[in-house]
Amino acid sequence: MTKPLRVALIGYGFMGRTHSNAYSQVNHFFDVPYQPQLKVICGLERHVAEAFAKRWGYENVETDWHKVIERDDVDLIDICVPNNVHAEIALAAAKAGKAILCEKPLALNTAQAEQMVATVEEAKIPNMVSYNYRRVPAVTLAKKLLEEDRLGRIFHYRAQFLQDWTISADVPQGGMATWRLDVKAAGSGVTGDLLAHCIDTAVWLNGGITDVCAMTETFIKERKNVETGKVEPVGIDDACAFMCHFANGSLGLFESTRYARGHKALYTLELNGEKASLRWDLHDLHRLQYFDHADDSLVRGWRSVHISDSDMPYMKAWWVPGLQIGYEHTFIHQLADFLDAMGKGEAVSPNFRDALETQKVCDAVLASAKSGQWVDVR
């Protein structure tokens, strides 16, 4: 028998859509102890929120998130707003005893993230951060192969996240559409937006990062600010590359940019071990590339594993073998895991404390790029 879980979503942008779809679909495919009820959608513009509520089935509309948190008919606060508001909303929600699902990155900086972790842990409320790429079945399978020691000692980890949507100098900064280019709203550029995903996945798969050496670049130094109408300096990083050491002795190489023409969302990762290697590409997310040196030399080579059989992560819940799933399913998977853990009274990863570790790496990357020196992750 499922119990109702009354959801308040704060933010109606792209991430709000992915989360709303997950709430609508999770009980159709997964046996979880809760049935999400879309109680209220909150956004700055009432007419946009009302249209969103009508499309997705939210019962009520609010424009003030403070009023949402005060409501007695809300159990879960889902934070899908710009990064500079995450902390304020999460702290208030935790103090009100609400469960929290928060979009990434957790905060603007490590100090802010530490306060958020302390508050949710003191309140003992369920909490999760939406690093959804962990829930791609191929990436989850990679984790299983690593836990089974199929790769042996790891020597290298490398990842890229490439986009091209900000190359034009005519793209403004600020406002609801391009807040990611405004340092006051985003905190950083590709480091917090794209590399945070790469870092979270890397730490989950390969363990902690101990130190980093980074470089960043802002290619277009000034952009028009949507809110002020003035041309202002750009404070975010358009591109970032960094090297690192992992605690297990392996080396890491990470690159991210919004200036890679022809790439809309190219996220790739690869691990090289003493026994085997694996790699994954978001553009081909239903496949895991795997090389096993133990294979007979006559047939040794990279194999393309199609992630669709029922014994592969999450796939039993979906279609028959041979039929694949997509990006939106990762949010359904993370919600299913969150609800299942809530029902058992257990923590689920990545939670706020896990996301704090990613925040520490991001801050170290930015500090290293500024100083031109290796920086320890603290």
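Going along each chain's sequence as written, the residues are numbered from 1 onward. Local features are withheld for residues below a pLDDT of 70 in this predicted model, meaning they are given only at 70 or higher, and side-chain atom pairs are given and counted only at 80 or more; totals for whole chains, interfaces and linings count all residues. Side-chain numbers here rest on the full set of heavy atoms in the structure, without hydrogens or water.

Trainee: I'm lost on helix α6 (residues 137–147) in this one. Help?
Mentor: One full turn of an α-helix is made of 3.6 residues, so residues set three or four places apart face in the same direction. Under the scheme applied here, a residue whose accessible area is under 20% of the maximum for its type counts as buried, over 50% as exposed, and between as partly exposed, the area being computed with a 1.4 Å probe on protein chains only. The helix and strand labels rest on DSSP assignments: H or I over at least four residues marks a helix, E over at least two residues marks a strand, and numbering proceeds from the N terminus. Counting buried residues along α6, 9 of its 11 residues qualify, which places the element largely inside the surrounding structure. Listing the buried residues of α6 in full gives P137, A138, V139, T140, L141, A142, K143, L145 and L146. Only heavy atoms enter the contact rule, under which two residues are in contact if any of them lie within 4.5 Å. Where α6 is buried, its residues touch β7 (154–162), α8 (190–206), β13 (266–273), β14 (276–281), β15 (287–292) and α9 (328–344). Backbone geometry just after α6 places D149 at a positive phi near 60°.

Trainee: Please explain the nonpolar core as it appears in this structure.
Mentor: Side chains of a nonpolar character, in soluble globular proteins, are inclined to be buried together. Judged by nonpolar contacts, the single largest core of 116 residues is most densely connected at I77, I100, V212, F254, W280 and F352. Ranked by residues supplied to this core, first place goes to α8 with 9 residues. Nonpolar core, defined: a set of buried Ala, Val, Leu, Ile, Met, Phe, Trp, Tyr and Cys residues in which side-chain atoms within 4.5 Å join the residues together.

Trainee: It is not clear to me how the packing of helix α4 (residues 86–95) against helix α5 (residues 110–123) should be interpreted in this structure. Could you clarify?
Mentor: In helix packing, the relevant descriptors are the interaxial angle and the interaxial distance, both defined with respect to the helix axes. Axis definition: a line fitted to C-alpha atoms, limited for helices to the stretch in contact. Angles are taken between N-to-C directions and run from 0 to 180 degrees. Contact geometry for α4 and α5: axes closest at 9 Å, N-to-C directions at 15°. Relative to α5, the element α4 lies roughly parallel. By crossing handedness, the relation of α4 to α5 is classed as left-handed. Residues H86, A87, A90, L91, A94 and K95 of α4 touch α5, and the partners they reach there are Q112, Q115, M116, T119, V120 and A123. Any residue outside Ala, Val, Leu, Ile, Met, Phe, Trp, Tyr, Cys, Pro, Asp, Glu, Lys and Arg is labelled polar, Gly included; the first ten of those are nonpolar and the last four are charged. Partitioning the contact of α4 with α5 into residue classes produces 7 nonpolar, 4 polar and 1 charged. Under this scheme an angle from 65 to 115 degrees is roughly perpendicular, one under 35 degrees roughly parallel, and one over 145 degrees roughly antiparallel; angles in between are oblique. The sense of a crossing depends on the near helix, which, turned anticlockwise from the far helix by less than a right angle, makes the crossing left-handed and, turned clockwise, makes it right-handed.

Trainee: Help me understand the side chain of D238 in this model?
Mentor: Residue position: D238 is located in the loop between β10 (231–233) and β11 (239–246). Within the buried set, D238 has no salt-bridge partner at all; the shortest N-O distance to an opposite charge, 4.8 Å, is to R223. Discounting chain neighbours no more than four positions away, the residues touching D238 are T166, V190, E217, T218, F219, I220, T257, R258 and Y259. Counting rule for charge: Lys and Arg are taken as positive, Asp and Glu as negative, and neither His nor the chain ends is counted. Salt bridge criterion: a side-chain nitrogen from Lys or Arg within 4 Å of a carboxyl oxygen from Asp or Glu.

Trainee: Sorry, what's going on with the pairing of strand β4 (residues 76–79) here?
Mentor: Moving residue by residue along a regular strand, the side chains alternate between the two faces of the sheet. Alternating residues of β4 divide into L76 and D78 and I77 and I79, and every residue in both groups is buried. Pairing between strands is defined by DSSP: at least two bridges between them are needed. Bridge count between strand β1 (residues 3–10) and β4: 4 bridges; the pairing is parallel. In the sheet register, V7 faces β4, and the bridge partner there is L76. With 4 bridges joining them, β4 and strand β5 (residues 99–103) adopt parallel strand pairing. Along β5, the bridge assignment pairs I77 with I100. Throughout, right-handed denotes a crossover for which the path from the first strand over the helix to the second runs clockwise when the strands point away from the viewer. Crossover connection from β4 via α4 to parallel β5: handedness right-handed.

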